[in-house]
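Structural features, examined
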Amino acid sequence: MNFECESNNPKKLANIFESVNPVLENGNLTIHSKGIYLSGIDPSHVAFLKLMIKKEYFQNFNLINENKDVDDEESNDNFSENKKNIIYIGLDFKIFIKILKSSEKNDSIILKYQEDKDYLSITIKNNSIKRNFHLKLLDLENNKINIPKINYNLNIEMRSIQYERIISSFDIVDSKHIEISSDKTKVILRSNSHLSESEVILEKNDRDTKENKNYLIINNKYVKPTSYNLEKLKSFLKGNCLN
């Protein structure tokens, strides 16, 4: 089975994978007729990541099986159940990101995989120049990670820019951890160092009010003070550039 896709925004594609890199240094891209999927857990088993880039993101997206396009209607959203129409591409994301970031504003990018080749072909081009790269594929185990369903006591939907402001306010005090707690009316985030401390309070809001445009507390029960690593939380800021 072969695969080819084209995007006219390689910089944004670089941003997508740069947001992945703090969690995964390498991994298997799952190529399916509906898009590109990636999941994995970091080496310390602290952060789990799932990424889906729908085929509609690309200007061209072709998955070819035995000289015949894969029929979308026969495909399944659950990648594990239709393996004959799936390609696994193992990549070193650090090198992949460097290639993507070498693109210019008006460039387009073509990714091409052929099952008889041991590399991913990457072409970056514009009206005057074409550059070709071959990125060696990694032979990685394709271990499915089963994450059990968890009913959390606290769920917050938040605009990425608001998340950045909150994390930045804690970064000022030069702390290594953030302590999060909640009750039925508010969520409290605290951080301190030997010289200073910072606190952010998120009042419970309602989905129908205009004030919730920066964040929405969906489920809020009592949560005892729990500490989280600030560097891990800061690493998610790379996803801000996806807006």
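Because the structure is a prediction, the values reported are computed rather than measured.

Taken N-terminus to C-terminus, the directions of helix H1 (residues 10-20) and helix H2 (residues 93-101) make an angle of 155 degrees; their axes are 8 Å apart at the nearest point. By the angle between their directions, the pair H1 and H2 is classed as roughly antiparallel. Seen along the crossing, H1 lies across H2 with a hand that is left-handed. Where H1 approaches H2, its residues Pro10, Lys11, Leu13, Ala14, Phe17, Glu18 and Val20 are matched on the opposing element by Phe93, Phe96, Ile97, Leu100 and Lys101.

Our next topic: H1. Those residues of H1 lying buried are Pro10, Leu13, Ala14, Ile16, Phe17, Ser19 and Val20. If you follow the buried residues of H1, they end up packed against strand E1 (2-7), strand E2 (26-32), strand E3 (35-41), strand E4 (48-54), H2 and strand E8 (108-113).

Enumeration according to the criterion identifies nine salt bridges in this entry. Lys101 serves as the salt-bridge partner of Glu18, at 3.1 Å between the closest nitrogen and oxygen. Of the two residues, Glu18 is situated in helix H1 and Lys101 in helix H2; the sequence distance between them amounts to 83 residues. Looking at Lys101, the relative accessible area reads 42%, which means it is partly exposed. Measuring nitrogen to oxygen at the nearest pair gives 3.2 Å for the salt bridge that ties Asp183 to Lys186. Linked through salt bridges whose partners overlap, the residues forming this network are Asp171, Glu231 and Lys234.

Here the largest pocket is characterised by a volume of approximately 1600 Å³. What lines the largest pocket is a set of 40 residues, among which Ile156, Tyr163, Tyr228, Leu233 and Phe236 lie closest to the centre. Secondary structure elements with two or more residues in the lining of the largest pocket: H1, E4, strand E11 (154-158), helix H3 (160-171), strand E12 (177-182), strand E13 (186-192), strand E16 (223-229) and helix H4 (230-235). In the lining of the largest pocket, the residues fall into 27 nonpolar, 10 polar and three charged.

The next thing to look at is the packing of aromatic side chains. Under the counting rule described, the total for this entry stands at five aromatic pairs. Seen from their ring centres, Phe58 and Phe61 are 5.6 Å apart, and the 40 degrees between their planes marks the pair as tilted. With respect to burial, Phe58 and Phe61 carry one shared label: buried. These aromatic residues form a ring-pair network of at least three members: Phe3, Tyr57, Phe58 and Phe61.

A few words on the confidence of the model for the protein. A residue-level look at the protein finds 86% of positions with pLDDT of 70 or above and a mean pLDDT of 85. Note on residues 69-81: pLDDT is under 50 here. Beyond four places in sequence and across chains, it has 25 contacts.

Read from one edge of the open sheet, four strands run E14-E13-E12-E16, paired in antiparallel fashion. Edge positions in the sheet fall to strand E14 (197-203) and E16, since each has one partner strand and no second. Each strand axis lies, on average, 20 degrees off the axis of its neighbour in the sheet, ignoring direction. Inspection of the sheet shows E12 paired to E13 by four bridges, in the antiparallel sense. Looking at the pairing, Ser181 lines up with Ile188 of E13. Packed onto the sheet, H3 meets E12, E13 and E14 and runs at close to 155 degrees relative to E14.

Definitions and cut-offs
Residues numbered from 1 in each chain as written. Predicted model: local features only at pLDDT ≥ 70, side-chain atom pairs only at ≥ 80, totals over all residues. Heavy atoms only, no water. Axes fitted to C-alpha atoms, helices over the stretch in contact; angles between N-to-C directions. Helix = DSSP H or I, 4+ residues; strand = E, 2+ residues; numbered from the N terminus. Parallel < 35°, antiparallel > 145°, perpendicular 65-115°, else oblique. Left-handed = near helix turned anticlockwise from the far one by under 90°. Contact = heavy atoms within 4.5 Å. Buried < 20%, exposed > 50% of the residue type's maximum accessible area, 1.4 Å probe, protein only. Salt bridge = Lys/Arg side-chain N within 4 Å of Asp/Glu carboxyl O. 1 Å grid on protein atoms, 1.4 Å probe; cavity = no way out; pocket = protein on both sides within 12 Å on 5 of 7 lines; lining within 4 Å. Points joined across faces, edges and corners; volume = space filled by probe spheres on them. Nonpolar A, V, L, I, M, F, W, Y, C, P; charged D, E, K, R; others polar. Phe/Tyr/Trp six-rings, centres within 6.5 Å; stacked < 30°, edge-to-face > 60°. pLDDT = per-residue confidence, 0-100. Pairing = 2+ DSSP bridges.

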